[in-house]
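Residue-level structural notes
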Amino acid sequence: MFSKILIANRGEIAVRIIKTCRKMGIQTVQVYSEADAGSLAVEMADEAVLIGPAPAAQSYLLADKIVEAVRQTAAQAVHPGFGFLSENAGFARRLRDEGIAFIGPNPEAIEAMGDKISSKKLAAEAGVSTVPGHMGLIETPDEAVRIANEIGYPIMIKASAGGGGKGIRVAHSDADMAEGFAAVKAEALNAFGDDRVFLEKFIVDPRHIEIQVLGDKHGHVVHLFERECSIQRRNQKVIEEAPSPLLDEATRAAMGAQAVALAQAVNYDSAGTVEFVAGQDKSFYFLEMNTRLQVEHPVTELITGVDLVEQMIRSAWGETLAFEQKDLSINGWAIESRIYAEDPYRGFLPSIGRLVRYEQPEEGDQGGYTVRNDSGVREGDEISMFYDPMIAKLCAWGETRADAVEGLARALEDTHLSGLGHNVPFLAAVMDQDRFKSGNLSTSYIKDEFPDGFHGLKPTVEQERILIASALAMHEVIAEQDGDPSERTDWIVMIDKTPHGVSLSYDEDEEMILTLTGGGDIRLSDIDWRPGLAQFKADLDGEAFTAEVKRVADGFDIRHRAAKARVRVLRPHVAEMYARLPEKAVADTSKMVLSPMPGLVVSIPVVVGQEVKTGETVAIIEAMKMQNILKAERDGVVKAVGAKDGDPVAADDVLVEFG
């Protein structure tokens, strides 16, 4: 077995690989950029090698730097994780030529599956179900329209070398096809240096289901069942689960057999994923093969008990798979949510900066569900603008899907982050939706359920009880600590502007009893909170919950899952006065262009005194490898420019002001 492995990646996947290497008694070398010098992965690895500046193109994407680090540390193998060089056939071949083991598939398999046109042809030859379409090269919009009419609309226009959700359009008519074909060719050339485009039938209301495969260098291939990855935003996966709520045993077996057949056709010898688009009628068609470890691999590990990173290492060493297909089975259900540094209340824009607070849920068996949290950052770390904004992959396993859903919702409750925007409230909202709980999923789920963006959810009746109880309990704790308990029993608890009458008492065990004016008692016990803590934990009528809390001048800001509110505990006569307070006027920013996110100013192509027309670009901001183009929403004359090219800016900084 290898004695030392170099990890050519960063963040949570690097930490994940280090954990398996430790378990196997293998030393690790972590390469890092200047931005990652103080990272958790660097701290955990046995050795670390600086390979360049922060931009990936000057560090993690440079094969020469990786090979040099291998030589410097006498590592025997490289694990590429995912992203960066993980699916680069040239890199895998370079390592082989240098006598360095690549912990991934052979370069020929990567090459065969890396091109979407050739991979679909190979899939069809291997007996894999493929989407009706045209895999040959298409030169002109007219030719694309002719072929589209032969296939039948709607049609997906896709870049052959595409990935990461780029180079994809859907056409519903000849006009859509002519316009979309030209646009995708241009996008593909700019993004991938390859303008080849192909067409395929667009499956209405589709689901994204993938099969995990695993092979060795002796011709053995098995599948480890499926993952459902239909909850996506802008073609990027957000929530994944295993198994899929759609599939029955016959469909699962058929998909698995086809995935194995394709892997065997290209002599696949590592972990990989065969992706399918599935109809609601359980029809399925080959989409592409990812020749690497997937971000969402933990859910497969949770339901099979197989460590995929370990199996990749053993395969690269030359070991034969220690199990056959008949030895594998599905145990329970697992769901993963990707926690990102992005602000769901601001259109999911990236939110970079320091992770001031990061309280993670306890991992392991929680009684009824099990928690796993794959994270590559710690409290105090910086979320860099140069890389993917992922903070963690939070997973829950349960005996049933309902157990896993509720377990993940509780784990999200127990996660607290501050210092930057994050999508935990959004993830919690999905867990609480009846549609998600029913398993009625599709790739348009987020667009369907949140057509106007995410603005949080209104508190349910049960959540109102949580907000009331939490606020009154904190109010009592603070009064007791201040040495000024009022001994009042009747209070008005206002959730935003809605008053709730509450009568407070205690039972013989000193547990709080809250009697609501509208009827019904709330019993609050096992309270775990003191001033300064950001999480309030207790049992409400015997059920544990966690709320995120913040003390403010006139009450508390409280969030439970996706519901948040300003909650005030008031004497009845004070509550009457609050009801008469006028609304605070909202600041007029109509003549200002504000930065929608923290980032760097790429350019501000306007100057003071310049006349600007509606729709003209006034600023470009870059963060997390994404450029945000800001346009004028009305005609006007520039009165002031608040930043210059290259300046760092915070969210809501004024970039341009009109007169």
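Residues numbered from 1 in each chain as written. Predicted model: local features only at pLDDT ≥ 70, side-chain atom pairs only at ≥ 80, totals over all residues. Heavy atoms only, no water.

1. Concerning the packing of aromatic side chains
To be explicit about the condition: Think of it this way: a Phe, Tyr or Trp ring, Trp meaning its six-membered ring, pairs with another when their centres are within 6.5 Å, and the plane angle makes it stacked under 30 degrees, edge-to-face over 60, tilted otherwise. Each helix is a run of H or I in the DSSP string that is no shorter than four residues. Each strand is a run of E no shorter than two, and both are numbered from the N terminus. Relative accessibility under 20% of the residue-type maximum defines a buried residue, over 50% an exposed one, and the middle range a partly exposed one, all with a 1.4 Å probe and only protein chains included.
This structure, assessed with the given rule, holds 13 aromatic pairs. Ring geometry for F91 against F102: centres 6.1 Å apart, planes inclined by 85°, an arrangement best described as edge-to-face. Remark: F102 occurs in strand β5 (residues 101-102) and F91 occurs in helix α4 (residues 89-97); sequence separation between them is eleven residues. Judged by relative accessible area, F102 falls into the buried class, the value being 9%. Aromatic rings pair up to connect Y345, F348, F426, F450 and F454 into one cluster.

2. Some words on the nonpolar core
Note the threshold: Here, nonpolar core refers to any group of buried Ala, Val, Leu, Ile, Met, Phe, Trp, Tyr and Cys residues whose side-chain atoms link them within 4.5 Å. In what follows, a contact means two residues having at least one pair of non-hydrogen atoms within 4.5 Å.
The biggest cluster of nonpolar side chains holds 40 residues, and the ones touching the most others in it are I239, I335, I391, F426, M431 and F436. Secondary structure elements with two or more residues in this core: β12 (236-242), β15 (333-340), β23 (390-398), α12 (401-413), α13 (424-432) and α15 (445-449). A per-element tally of this core places α13 first, with seven residues. Among all residues touching F426, those that are not within four sequence positions of it are V238, P344, F348, I446, F450 and F454.

3. Focus on the side chain of S39
Note the following rule: In the analysis that follows, any N or O atom pair within 3.5 Å is treated as a polar contact, provided that within protein one partner can donate a hydrogen and the other can accept it, and provided that, for residues neighboring in sequence, both atoms belong to side chains.
Position of S39 relative to the elements: it lies in the loop between β2 (27-33) and α2 (40-44). On the basis of relative accessible area, S39 is assigned to the buried category, the value being 17%. Among the polar contacts listed, one links the side chain of S39 to the backbone nitrogen of V42, at a separation of 3.3 Å.

4. Section: the pattern of salt bridges
Just so we agree on the cut-off: For this analysis, a salt bridge means a side-chain nitrogen from Lys or Arg found within 4 Å of a carboxyl oxygen belonging to Asp or Glu.
All told, the structure shown has 61 salt bridges when counted by the stated rule. A salt bridge links E382 to R354; the nearest nitrogen and oxygen atoms lie 3.0 Å apart. Of this pair, E382 sits in strand β22 (residues 382-383) while R354 sits in strand β18 (residues 353-354); the two residues are 28 residues apart in sequence, bridging distant segments of the chain. Residue classification places E382 among the partly exposed positions, given a relative accessible area of 45%. The class for R354 is partly exposed, based on a relative accessible area of 43%.

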